[in-house]
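Results of the structural survey
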Amino acid sequence: MEELVLYFSLKYEGDFQSIYNALMRKEQVDEKLRCELKKKLKSQYTTLFSHDYPEQLKLINCPPFVLYYYGDLSLVKEKCIGVVGMREVDDYGKRATQDFVKQLIEQDYIIVSGMARGVDTIAHQSTINKNGKTIAVLGTGIEYCYPRENRILYDELKLHHLIMSEYPFMTAPKRKLFPFRNRIISGLSNSLLVTQARQKSGTMITAGYALEQGKEVYCIPGRMML
């Protein structure tokens, strides 16, 4: 079953519904294509049927069939908290994110975020600067660094932390991929911290997933002394 879901995931570029439909209609495997796709795969991977698949993701709606990753997969077994927020973060949001991440690392939390501009990047970089550990869940293919200015961060996460995606290869960024990705961020996390966000945003989608999954969601007040 592991090889079957891997094949469909590679063939359909990680699209959950396409993989599900292929399994339901018992689509036949093209062995030549399977071999070609497998040869192109550079990252490591785990499937919903693998022994090392994150247990907490098995409990969410629409768990990814395959997770492609680089780095230390065992980090998902540790105490994790999602840290998310807006891309156009202001100085207050930046300082709040840095301060709370520092305190969370001191309590041995693994910081989970999405490597987007703004709060996500600040959360990852602050964790690295304080010698903590962090997990990035991408909304693009595992080989696709987005945004491009995060190339150094992306490489650091690959080597010394954990970076993962349900999308293989160089799957390009698409608007619909990022909100759906957020269920994985909240799914991996024991709880979620929102440091700064707009009422209608991807951050609030992540908070919605967390609440649906029975996770506690914490929000930093708009004005406080740091």
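Data block above holds the structure.
The sections below set out a description of the structure shown in this document.

Before going further, it helps to spend a moment on the overall build of the chain. In terms of regular secondary structure, the chain is built from 8 helices and 8 strands. For a compact globule of 226 residues, the expected C-alpha radius of gyration is about 17 Å, and the chain comes in at 17 Å, within 12% of that figure. In terms of overall dimensions, the chain has C-alpha extents of about 60 × 35 × 30 Å along its principal axes. Evaluated residue by residue, the chain yields a buried proportion of 52% over its 226 residues. Put simply, 73% of the contacts in the chain that link residues at least 6 apart link residues at least 24 apart. Put simply, the chain shows about 11,500 Å² of open surface, and 51% of that area lies on carbon and sulfur atoms. Between the mean site of the 31 positive side-chain charges and the mean site of the 26 negative ones, the chain shows a separation of 4 Å.

Moving on: the packing of helix H1 (residues 2–11) against helix H2 (residues 16–24). To describe two helices that pack against each other, one gives the angle between their axes and the distance between the axes. Contact geometry of H1 with H2 gives a least axis separation of 9 Å together with a crossing angle of 130 degrees. As far as their axial angle goes, H2 and H1 are oblique. In the packing of H1 onto H2, the handedness of the crossing is right-handed. Of the residues in H2, those touching H1 at Leu 4, Val 5, Phe 8 and Ser 9 are Ile 19, Ala 22 and Leu 23. Here the residues of the contact of H1 with H2 are counted per class, giving 6 nonpolar, 1 polar and no charged.

Definitions and limits used
Residues numbered from 1 in each chain as written. Predicted model: local features only at pLDDT ≥ 70, side-chain atom pairs only at ≥ 80, totals over all residues. Heavy atoms only, no water. Helix = DSSP H or I, 4+ residues; strand = E, 2+ residues; numbered from the N terminus. Rg over C-alpha atoms; globule rule 2.2 N^0.38 Å. Buried < 20%, exposed > 50% of the residue type's maximum accessible area, 1.4 Å probe, protein only. Contact = heavy atoms within 4.5 Å. Areas by Shrake-Rupley, 256 points an atom, 1.4 Å probe, with all protein chains shown as cover. Lys, Arg positive; Asp, Glu negative; His and termini not counted. Charge placed at Lys NZ, Arg CZ, Asp CG, Glu CD. Axes fitted to C-alpha atoms, helices over the stretch in contact; angles between N-to-C directions. Parallel < 35°, antiparallel > 145°, perpendicular 65-115°, else oblique. Left-handed = near helix turned anticlockwise from the far one by under 90°. Nonpolar A, V, L, I, M, F, W, Y, C, P; charged D, E, K, R; others polar.

In short, the description is geometric, and any link to function would need to be established separately.
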